Amino acid sequence: MPLTIDLITLFPRMLDGFLAESILGKGICANLLDVRVHDLRQWTTDKHRTADDRPFGGGAGMVLKPEPVFAAMEQLQTPGCRRIYLTPDGAPLSPAVAEELSRQRHIIFLSGHYEGIDQRIRDAVIDQEISIGDYVLTNGTLAAAVVIDALSRFIPGVLGEEKSLTHESFTGKLLDFPQYTRPAEFRGMSVPEVLLSGDHGKIEKWRHAQCLEKTRKVRPDLLKHQQS
Ligand code: ADE
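Throughout what follows, the structure given in this document is the object of discussion. (Residues numbered from 1 in each chain as written. Predicted model: local features only at pLDDT ≥ 70, side-chain atom pairs only at ≥ 80, totals over all residues. Heavy atoms only, no water.)

Focus on unusual backbone geometry
Of note, the amide linkage connecting arginine 182 to proline 183 takes the cis form, showing an omega dihedral of 5°. Relative to the elements of secondary structure, proline 183 occurs in the loop between helix H7 (163-166) and strand E9 (185-186). Here the phi dihedral of asparagine 31 falls at roughly 65°; this positive angle occurs in a residue that is not glycine. Tracing the chain through its elements places asparagine 31 in the loop between helix H2 (22-29) and strand E2 (33-39). Even without glycine at this site, arginine 49 takes up a positive phi of about 55°. (Helix = DSSP H or I, 4+ residues; strand = E, 2+ residues; numbered from the N terminus.)

Shown next as structure tokens:
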């Protein structure tokens, strides 16, 4: 059974290229995941297709109205499905969060807009709130794409080789080592000798040292959480 993902957004065309291309597109073709993008406005009922309104209590910006979102959820949700709202004030996305989501059968993402959404949506039809980082996007649609991409990599068969997942940054809490391919010499820049040596023990040691050095330079905060 493929993982079914519904995405409710005011900007459905934003993800056309993203869903068609690359590894994710292949996963969709291979029936490993089924992503459906929905225009929230199809659940509006007035002639202007209004999805937002001014905030009670005053303040700048507009707030997503409850009626179309409730109608969308009621039509799309299935028993046990996970309903997720993308928001900068949600819990941070992590590999563990992505992995847990990859094991679901059905996920509904709601992309937020403007100054926010009516709190009753969050209280009644949202199970989980996710942020992709401490910055504010103009809407949550790209954030949903990031979460979909991150979780899809944990679905067996989406990545060509299973091992390419385990060797990567963050899974071992260190940043990645540098990679090289042919030619061994390019415009006067040569590949480190050790990688051409064929000595796998030496290569492993070198790579580990590179990981540590890179992490120390770029993300010293990760080293504080290391066991050894
Ligand atoms: N919507 C706007 N900014 C966001 C963020 N950083 N994460 C998730 N959803 C968002």
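Concerning the environment of tyrosine 180
Mapped onto the elements, tyrosine 180 comes out in the loop between H7 and E9. As a C-alpha pair, tyrosine 180 and glycine 116 span 64 residues in sequence and 45 Å in three-dimensional space. Residues in contact with tyrosine 180, not counting those within four places in the same chain, are Val191, Pro192, Leu195 and Trp206. (Contact = heavy atoms within 4.5 Å.)

A closer look at the site of the ligand
The immediate surroundings of the ligand are formed by Leu86, Thr87, Pro88, Ile130, Ser131, Ile132, Gly133, Tyr135, Val136, Leu137, Gly140 and Ala143. For the ligand, a nitrogen atom lies 3.1 Å from a polar atom in the backbone of threonine 87. At 2.8 Å from a nitrogen atom of the ligand is found a main-chain nitrogen or oxygen belonging to tyrosine 135. Burial of the ligand by the protein amounts to 96% of the accessible area it has alone, namely 260 Å². When contributions to the shell around the ligand are tallied by element, the ones reaching two or more residues are strand E5 (82-92) and strand E8 (128-131). (Near = heavy atom within 4 Å. Polar contact = N/O pair within 3.5 Å; in protein donor to acceptor, adjacent residues only side chain to side chain. Areas by Shrake-Rupley, 256 points an atom, 1.4 Å probe, with all protein chains shown as cover.)

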